[in-house]
Amino acid sequence: MRCFKKINLKVKGFSLIELLIVMVVISILISLAYPSYRAYINRANRADGQASLLDLASRMERYYSDNHTYATATIGTGNATDVISSANTPEGWYTLSISNANADSYTIIATPTGTQATYDTLCQTLTYNHLGNRGVTTGPGGTPTGSAEECW
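Residues numbered from 1 in each chain as written. Predicted model: local features only at pLDDT ≥ 70, side-chain atom pairs only at ≥ 80, totals over all residues. Heavy atoms only, no water.

S.K.: Teacher, can you tell me more about the overall build of the chain here?
M.R.: When you go through the chain residue by residue, the secondary structure sums to three helices and six strands. Its helices and strands taken in sequence order, the chain reads α-β-β-β-β-α-β-β-α from the N to the C terminus. Relative to the 2.2 N^0.38 estimate, which gives 15 Å for 152 residues, the radius of gyration of the chain is 27 Å and therefore markedly larger than a compact globule would have. Dimensions of the chain along its principal axes, counting C-alpha atoms only, are 110 × 30 × 20 Å. In the chain, which comprises 152 residues, the share counted as buried stands at 30%. Approximately 10,000 Å² of the chain is accessible, and the part contributed by carbon and sulfur atoms is 59%. Treating the 11 positive side-chain charges of the chain as one cloud and the 11 negative ones as another, the clouds have centres 33 Å apart. (Helix = DSSP H or I, 4+ residues; strand = E, 2+ residues; numbered from the N terminus. Rg over C-alpha atoms; globule rule 2.2 N^0.38 Å. Buried < 20%, exposed > 50% of the residue type's maximum accessible area, 1.4 Å probe, protein only. Areas by Shrake-Rupley, 256 points an atom, 1.4 Å probe, with all protein chains shown as cover. Lys, Arg positive; Asp, Glu negative; His and termini not counted. Charge placed at Lys NZ, Arg CZ, Asp CG, Glu CD.)

S.K.: Before we go on, may I ask you to explain a nonpolar patch on the surface in this structure?
M.R.: On the surface, Leu16, Ile17, Leu20, Ile21, Met23, Val25 and Leu29 cluster together into a nonpolar patch covering about 720 Å² of accessible area. Structurally, Val25 is set in helix 1 (residues 16-67). (Patch = residues over 30% accessible without salt bridge, like charges linked within 9 Å, V, L, I, M, F, W, Y side chains within 5 Å. Salt bridge = Lys/Arg side-chain N within 4 Å of Asp/Glu carboxyl O.)

S.K.: Help me understand the state of the cysteines in this model?
M.R.: A covalent bond between the sulfur atoms of two cysteines is what we call a disulfide. The full count for this structure, using the stated rule, is one disulfide. Across the disulfide from Cys123 sits Cys151; the S-S distance is 1.9 Å. One quick way to see it: the torsion about the S-S bond of Cys123 and Cys151 is about -100 degrees, and its sign makes the bridge left-handed. Taken together, the residues Cys123 in the loop between helix 2 (114-119) and strand 5 (125-129) and Cys151 in helix 3 (residues 148-151) connect sequence positions 28 residues apart. Grouping residues by exposure puts Cys123 and Cys151 together as buried. (Disulfide = S-S within 2.5 Å.)

S.K.: Is there a simple way to think about the environment of Ile108 in this case?
M.R.: By secondary structure assignment, the location of Ile108 is in strand 4 (residues 107-112). Spatially, the C-alpha atoms of Ile108 and Leu126 are 8.5 Å apart, while their sequence positions differ by 18 residues. Beyond its immediate sequence surroundings of up to four residues, Ile108 is in contact with Leu53, Leu56, Ala57, Met60, Ser97, Ile98, Leu126, Thr127 and Tyr128. (Contact = heavy atoms within 4.5 Å.)

S.K.: Help me understand the environment of Ser15 in this model?
M.R.: Summarising the element assignment, Ser15 is placed in the segment before helix 1. Overall, Ser15 belongs to the partly exposed group, its relative accessible area being 34%. Through-space distance from the C-alpha of Ser15 to that of Ala117 is 45 Å; in sequence the pair is 102 residues apart.

S.K.: Is there a simple way to explain the nonpolar core in this structure?
M.R.: For soluble globular proteins, nonpolar side chains are generally found buried alongside one another. Membership of the largest hydrophobic core comes to 19 residues, with the highest contact counts inside it found for Leu56, Met60 and Ile108. Discounting residues that sit within four places of it in the chain, Leu56 has contacts with Ile75, Val83, Ile84, Leu96 and Ile108. (Core = buried A, V, L, I, M, F, W, Y, C linked by side-chain atoms within 4.5 Å.)

S.K.: So what exactly am I meant to see when it comes to helix 1 here?
M.R.: Side chains of residues three or four places apart in an α-helix project in the same direction, reflecting 3.6 residues per turn. The end-to-end C-alpha distance of helix 1 is 75 Å, a good match for the 76 Å that 52 residues give at a rise of 1.5 Å each. At Ala33, helix 1 is deflected by roughly 30 degrees, the largest bend along its length, and proline Pro35 occurs up to four residues later in sequence. Immediately beyond the C-terminal end of helix 1, within one or two residues, lies His68, with a positive phi of roughly 60 degrees. (Expected span 1.5 Å × (residues − 1). Bend = angle between axes of the 7 residues up to and from the residue.)

S.K.: Can you walk me through the sheet that holds strand 3 (residues 94-99) in this structure?
M.R.: Backbone hydrogen bonds hold the strands of a sheet together, and the pairing may be parallel or antiparallel. Overall, antiparallel pairing links the four strands, which are arranged 3-4-5-6 in an open sheet. Whereas interior strands pair on both sides, the edge strands pair on one side only; in this sheet they are strand 3 and strand 6 (134-137). Averaged over all pairs of adjacent strands, the angle between strand axes in this sheet comes to 25 degrees, irrespective of strand direction. Judged from the four bridges that link them, strand 5 and strand 6 form a sheet pairing that is antiparallel. Looking across to strand 6, one finds that Tyr128 is bridged to Arg134. (Pairing = 2+ DSSP bridges. Axes fitted to C-alpha atoms, helices over the stretch in contact; angles between N-to-C directions.)

Following this line, the structure appears as structure tokens:
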């Protein structure tokens, strides 16, 4: 006579309801965390534009001391009048330009590109002038919802 051992075929694991509850909790956590993460990324990318504008302002002042005018300063043309060799910021989140330059004044602009233009609705385009005034203005993603104080 043979003896057979009774085998328990009941497998322990998670039920479908338990898995769905876990998925719902994870979804809620992600939906709460993502906006904060996106705001952090926007601020980090914005620092690229801010630092580049301040560097460009310094170069504009050096150009003025050599040429006694801001009017002929250029960006990325390959000419001797270039204050910087490329209009793109080091990280590539902004494009720099010189606006309203004349003998005694200038405004420089950092326009967001790529996802920064899409997601940074708080600030959009950053501006800086010869007096050190910092500002924000409409950019590729629309009108900014924040003030210059919030963006700088």
